[in-house]
Amino acid sequence: MTWRYKSLMVFGLGFFLAIVLFIQMGLYLYHHVFGTFIHYNVFQLCISLFSGNTILYHLVLFLVNSFIAWTFIMVCIKIIKQVFFYSKMKNRMKEKLNHSITEKVNTLFNRGNKDIYVIQNQEPVAYTVGFIRPIIIISTSLIELLDKNELEAVIHHETAHQKYNDPFKVFLLQLISEVMWYIPIAKWCYENYKIMVELVADEYAVKCMGSEVGLGSALIKLIKSYIQNRSSAPVLVPFSDGSVNYRIKQLLEPESTIPVKCPLISIIVSINMIAFLVLLMMMV
């Protein structure tokens, strides 16, 4: 099984957990707005377990309502923050945009959509941003650091992120993991998906280039540059998420398998939480 299908499975698991939670919340809100009793709703059941007009009943009602309100508020806040962050980054990109080199790079690599933007920056950066129509941003320093073959491999890598809409999916899983902090498997999905999409992008780049040489050479140069400069910029290699070791191993041993482990505690806690919710729904 390729990393592409593995990443889809991990993303699907995290997304499924979110869908179940929000459907439950939606059914609960529908019940309160329209007064229609809906079976198999966890939140309604939690409240119905207590007798009406008692302190405990009103306390549980308050906690359930607060939990749902908190969830929707947190989702809205994080989406708004992301929109402002992207808008700010877009403005900074426009200020640093090198129009002439941008035109040359798009022509050199036959980018008909002109979706590569070159910014004036002393750090060798390359990343893909945007949710609806992702664009690729590279720096003048990166162009100076790499040769044509290496640069092409990097662009193919970022093109994979663009093609599979990774910026949106990573943000979505991050949002789910932060909102559903009480289900550890959601955080596991987010952290592992970030690593997997890098491996998927490497697979795509190697396939397009026909060899691991270009990407491997670029990766080594970027690692050396990162070590020398200790940059905090979002370079090609996401050093902070631990994917670089997996990426190097995949390039050196493409036929080997890299195990994706899930902490036992996360599995146990998540299964218990999900089993508890299923049990509640069966009791309705």
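Residues numbered from 1 in each chain as written. Predicted model: local features only at pLDDT ≥ 70, side-chain atom pairs only at ≥ 80, totals over all residues. Heavy atoms only, no water.

**Examining the overall build of the protein chain**
Line of reasoning, step 1. Regarding its fold elements, the protein chain presents eleven helices and three strands.
Line of reasoning, step 2. In sequence order, the protein chain lays out its α and β elements as α-α-α-α-β-β-β-α-α-α-α-α-α-α.
Line of reasoning, step 3. Burial analysis of the protein chain (284 residues in total) assigns 44% to the buried set.
Line of reasoning, step 4. Sequence-distant contacts, at least 24 apart, represent 63% of the contacts inside the protein chain between residues at least 6 apart.
Line of reasoning, step 5. Of the roughly 16,100 Å² of accessible surface on the protein chain, a fraction of 65% belongs to carbon and sulfur atoms. (Helix = DSSP H or I, 4+ residues; strand = E, 2+ residues; numbered from the N terminus. Buried < 20%, exposed > 50% of the residue type's maximum accessible area, 1.4 Å probe, protein only. Contact = heavy atoms within 4.5 Å. Areas by Shrake-Rupley, 256 points an atom, 1.4 Å probe, with all protein chains shown as cover.)

**Quick word on helix H4 (residues 99-108)**
Line of reasoning, step 1. Three or more residues of H4 are buried, namely Thr 102, Val 105 and Asn 106. Projection of H4 onto a plane perpendicular to its axis shows the buried side chains occupying an angular sector of 95 degrees, all on one side.
Line of reasoning, step 2. In this structure, the buried residues of H4 make contact with strand E1 (116-119), strand E3 (135-139), helix H5 (140-145) and helix H6 (148-163).
Line of reasoning, step 3. Remark: Asn 110 follows H4 within two positions and exhibits a positive phi of approximately 55 degrees. (Arc of directions from axis to C-beta.)

**Some points on the confidence of the model for the protein chain**
Line of reasoning, step 1. Taken residue by residue, the protein chain gives an average pLDDT of 82. The fraction at 70 or more is 82%.
Line of reasoning, step 2. Across residues 231-240, confidence stays below pLDDT 50; counting only partners more than four residues off in sequence or on other chains, it has 28 contacts. (pLDDT = per-residue confidence, 0-100.)

**Side note on the pattern of salt bridges**
Line of reasoning, step 1. This structure, assessed with the given rule, holds five salt bridges.
Line of reasoning, step 2. The closest approach of N and O atoms between Lys 78 and Glu 178, which form a salt bridge, is 2.8 Å. Taken together, the positions of Lys 78 in helix H3 (residues 55-96) and Glu 178 in helix H7 (residues 166-179) put the pair 100 residues apart, joining distant regions of the chain.
Line of reasoning, step 3. Asp 115 is the partner of Arg 111 in a salt bridge, and the nearest nitrogen-oxygen pair spans 3.0 Å. Taken as a pair, Arg 111 and Asp 115 share a single burial class, namely buried. (Salt bridge = Lys/Arg side-chain N within 4 Å of Asp/Glu carboxyl O.)

**Remarks on the packing of aromatic side chains**
Two aromatic rings are characterised by how far apart their centres lie and by the angle between their planes.
Line of reasoning, step 1. A complete count under the given rule lists eight aromatic pairs for this structure.
Line of reasoning, step 2. Here Phe 11 and Phe 15 contribute two aromatic rings whose centre-to-centre distance is 5.8 Å and whose plane-to-plane angle is 10 degrees, an arrangement assigned as stacked. A residue pair is termed a helical-turn pair when its members lie 3 or 4 positions apart in one helix, as Phe 11 and Phe 15 do in helix H1 (residues 3-34) at four residues.
Line of reasoning, step 3. Of the residues examined, Phe 11 reaches a relative accessible area of 14% and is grouped as buried.
Line of reasoning, step 4. Residues Phe 22 and Phe 72 carry aromatic rings whose centres are separated by 5.7 Å and whose planes lie at 75 degrees to one another, so their mutual orientation is edge-to-face. One end of the pair, Phe 22, is in helix H1; the other, Phe 72, is in helix H3, with 50 residues separating them in the sequence.
Line of reasoning, step 5. Among the aromatic residues, those joined into a ring-pair cluster are Phe 11, Phe 15 and Tyr 193.
Line of reasoning, step 6. Looking at Lys 6, its charged tip hangs above the ring of Trp 3, at a distance of 4.4 Å from the centre.
Line of reasoning, step 7. Above the ring of Phe 11, the side-chain terminus of Lys 169 is found at 5.7 Å from the ring centroid. (Phe/Tyr/Trp six-rings, centres within 6.5 Å; stacked < 30°, edge-to-face > 60°. Lys NZ or Arg CZ within 6 Å of the ring centre and 35° of its normal.)

**Things to note about empty space enclosed by the protein**
Line of reasoning, step 1. Applying the stated rule across the entire model yields one cavity of 30 Å³ or more.
Line of reasoning, step 2. Space inside the largest cavity adds up to approximately 40 Å³.
Line of reasoning, step 3. Tyr 86, Met 89, Lys 90, Met 93, Val 129, Ile 135 and Ile 137 together form the lining of the largest cavity.
Line of reasoning, step 4. For the lining of the largest cavity, the secondary-structure elements that each account for two or more residues are H3 and E3. (1 Å grid on protein atoms, 1.4 Å probe; cavity = no way out; pocket = protein on both sides within 12 Å on 5 of 7 lines; lining within 4 Å. Points joined across faces, edges and corners; volume = space filled by probe spheres on them.)

**Quick look at the packing of H7 against helix H8 (residues 184-209)**
Line of reasoning, step 1. Interhelical geometry of H7 versus H8 gives an angle of 160 degrees and a closest axis separation of 8 Å. Considered as vectors, H7 and H8 are oriented roughly antiparallel to each other. Along this stretch, H7 crosses H8, giving a crossing that reads as left-handed. Along its contact with H7, which presents Asp 166, Lys 169, Val 170, Leu 173, Gln 174, Ile 176 and Ser 177, the element H8 presents Ala 186, Lys 187, Cys 189, Tyr 190, Tyr 193, Lys 194 and Val 197.
Line of reasoning, step 2. Residues belonging to the contact of H7 with H8 are distributed by class as follows: eight nonpolar, two polar and four charged. (Axes fitted to C-alpha atoms, helices over the stretch in contact; angles between N-to-C directions. Parallel < 35°, antiparallel > 145°, perpendicular 65-115°, else oblique. Left-handed = near helix turned anticlockwise from the far one by under 90°. Nonpolar A, V, L, I, M, F, W, Y, C, P; charged D, E, K, R; others polar.)

**Remarks on a nonpolar patch on the surface**
Line of reasoning, step 1. Taken together, Leu 56, Leu 59, Phe 62 and Leu 63 make up a surface patch of nonpolar side chains, about 400 Å² in accessible area.
Line of reasoning, step 2. The residue Leu 56 is located in helix H3 in this model.
Line of reasoning, step 3. Judged by its relative accessible area of 45%, Leu 56 falls in the partly exposed class. (Patch = residues over 30% accessible without salt bridge, like charges linked within 9 Å, V, L, I, M, F, W, Y side chains within 5 Å.)

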